[in-house]
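Below, each chain spelled out in residue letters.
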Amino acid sequence: MLGRNVILAGLLLLTGCSRNVDHKGKTPLVGIGQNFLYKEDLQADMPAGISGEDSLRFTHEYIRNWIEDELLYRKAEGNIPDDASVDELVSTYRRSLITHIYQEELINQKLGNTISAEEITRYYNQNSGLFCADEPYIKGLFIKVPANIPNIAKVRSWYKKNSQEAIDMLEKFSIGNAVHYEYFYDRWLPVSHFSVKIPLKAIDSDSDYLSRNRNVEVRDSAFCYFLHVEDFLPKGDQLPIERAEREIKEILINLKRVEFIKQMKKDLYDDASEHNDIIYY
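Residues numbered from 1 in each chain as written. Predicted model: local features only at pLDDT ≥ 70, side-chain atom pairs only at ≥ 80, totals over all residues. Heavy atoms only, no water.

Draft legend 1. Inspection of the pattern of salt bridges at higher detail. Taken as a whole and judged by the stated rule, the model has 11 salt bridges. For the salt bridge of Arg-187 with Glu-182, the shortest nitrogen-to-oxygen distance reads 3.8 Å. Residue Glu-182 is classed as buried on the basis of its relative accessible area of 11%. The salt bridge partner of Arg-212 is Asp-206, with a shortest N-O separation of 2.3 Å. On the accessibility criterion, Asp-206 (24% relative accessible area) is partly exposed. Because the salt bridges share partners, they merge into one network encompassing Glu-182, Asp-186, Arg-187 and Lys-197. (Salt bridge = Lys/Arg side-chain N within 4 Å of Asp/Glu carboxyl O. Buried < 20%, exposed > 50% of the residue type's maximum accessible area, 1.4 Å probe, protein only.)

This is the structure in structure tokens:
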């Protein structure tokens with residue numbers, strides 16, 4: 001470990017001793033030929049929250065990988081006899097990539113807003129078997145409060161009731177007291193959305209748990225968690241249209257994509273022909 005730390009320290013000290021190269025304000029860590037690994041690039045890729053020994057280990061492995069990749073590339077570059085074929089492949093790939101990016105941008109601009117709600121509903125109704133829930137979905141209410149909060153009995157009473165009065169009281173109470181409050185009587189949310197918020201393994205292990213237990217209260221040393229399930233959609237049932245809407249829109253855009261690109265190419269050809277931009281030899 002001492003050797004590794006010495007290497008890292010040496011690399012950081014050498015950042016100020018690189019050859020007379022314009023690094024455009026960046027701080028070089030190591031260089032091979034005219035290529036450099038910069039401190040800023042390493043920092044950008046370093047995982048958030050990493051520190052101490054883990055940070056040193058990541059830095060060492062990152063620099064080592066960069067050096068190995070650079071050396072392998074230089075070795076490969078010096079042993080490919082026909083650079084022209086590589087340049088041709090790169091040129092072909094670049095043309096394809098630019099064309100693809102342009103087409104995708106154009107398709108999103110032109111077709112993204114042309115998919116109507118009526119089209120989505122019609123496709124949903126005609127292809128209902130395609131849209132099945134891969135996990136249970138629920139509607140209801142969730143609130144998380146400190147375990148020692150006063151008037152916890154009132155929260156226990158309010159969260160179970162689907163009445164405007166109870167919801168109003170709960171919303172007012174949550175403003176100054178709740179750690180998290182979520183009202184979703186008006187939309188379906190996947191159960192996995194709450195399994196990470198409530199310390200209750202049964203939500204994950206039993207797909208029908210919330211079908212049988214519509215009012216869930218869990219307590220740990222710090223918080224109380226209350227979940228009311230007003231409606232339950234089992235796994236395998238048809239997804240509500242609002243949950244399938246984005247997928248349907250993408251499907252409809254893809255169905256129109258081929259015709260759109262075909263028409264775009266024709267328009268470009270007709271325009272170029274009209275302006276005598278095409279020269280036949």
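Draft legend 2. Region of the structure containing the packing of aromatic side chains. Taken as a whole and assessed by the stated rule, the structure comprises 10 aromatic pairs. Aromatic ring contacts, followed pair by pair, group Tyr-123, Tyr-124 and Phe-131 into a single cluster. One Lys or Arg, Lys-144, reaches over the ring of Phe-223 and ends 4.3 Å from the middle of that ring. (Phe/Tyr/Trp six-rings, centres within 6.5 Å; stacked < 30°, edge-to-face > 60°. Lys NZ or Arg CZ within 6 Å of the ring centre and 35° of its normal.)

Draft legend 3. Local environment of the side chain of Ser-195. Its place among the elements puts Ser-195 in helix α8 (residues 192–195). What makes Ser-195 buried here is its relative accessible area of 14%. A distance of 3.1 Å separates a polar side-chain atom of Ser-195 from the backbone oxygen of Ser-192. If we ignore the near neighbours within four places in the chain, the residues touching Ser-195 are Ile-203 and Asp-204. (Helix = DSSP H or I, 4+ residues; strand = E, 2+ residues; numbered from the N terminus. Polar contact = N/O pair within 3.5 Å; in protein donor to acceptor, adjacent residues only side chain to side chain. Contact = heavy atoms within 4.5 Å.)

Draft legend 4. Examining the packing of helix α5 (residues 117–126) against helix α11 (residues 241–274) more closely. One way to put it is that α5 packs onto α11 with a least axis distance of 9 Å and a crossing angle of 100 degrees. Here α11 runs roughly perpendicular to α5, going by the angle between their axes. On the side of α5, the interface is formed by Glu-119, Ile-120, Thr-121, Tyr-123 and Tyr-124, while α11 contributes Ile-241, Ala-244, Glu-245, Ile-248, Ile-251, Leu-252, Leu-255 and Lys-256. Taken together, the residues of the contact of α5 with α11 sort by class into 9 nonpolar, 1 polar and 3 charged. (Axes fitted to C-alpha atoms, helices over the stretch in contact; angles between N-to-C directions. Parallel < 35°, antiparallel > 145°, perpendicular 65-115°, else oblique. Nonpolar A, V, L, I, M, F, W, Y, C, P; charged D, E, K, R; others polar.)

Draft legend 5. View of unusual backbone geometry. Phi angles above zero are rare outside glycine, and Lys-24 is one such case at about 55 degrees. Position of Lys-24 relative to the elements: it lies in the loop between α1 (2–14) and β1 (28–32). Although it is not a glycine, Asn-276 adopts a positive phi angle of roughly 55 degrees. Position of Asn-276 relative to the elements: it lies in the segment after α11.

Draft legend 6. Quick peek at the pairing of strand β5 (residues 215–219). Burial of β5 is one-sided: the residues Val-216 and Val-218 facing one way are buried, the residues Asn-215, Glu-217 and Arg-219 facing the other way are not. Summarising the sheet, β5 and strand β6 (residues 223–233) pair through 5 bridges and their orientation is antiparallel. The partner of Glu-217 across the bridge, within β6, is Phe-226. As consecutive antiparallel partners, β5 and β6 are separated by 3 residues. (Pairing = 2+ DSSP bridges.)

Draft legend 7. Representation of α11 within the structure. With 34 residues, α11 ought to run about 50 Å at 1.5 Å a step, and its terminal C-alpha atoms sit 47 Å apart, in line with that. Of all bends in α11, the biggest is about 35 degrees, found at Arg-257. Along α11, the residues that are buried comprise Ala-244, Ile-248, Leu-252, Ile-253, Phe-260, Ile-261, Met-264 and Ala-272. At its buried positions, α11 is contacted by α4 (83–111) and α5. Two residues or fewer past α11, Asn-276 is found with a positive phi of approximately 55 degrees. (Expected span 1.5 Å × (residues − 1). Bend = angle between axes of the 7 residues up to and from the residue.)

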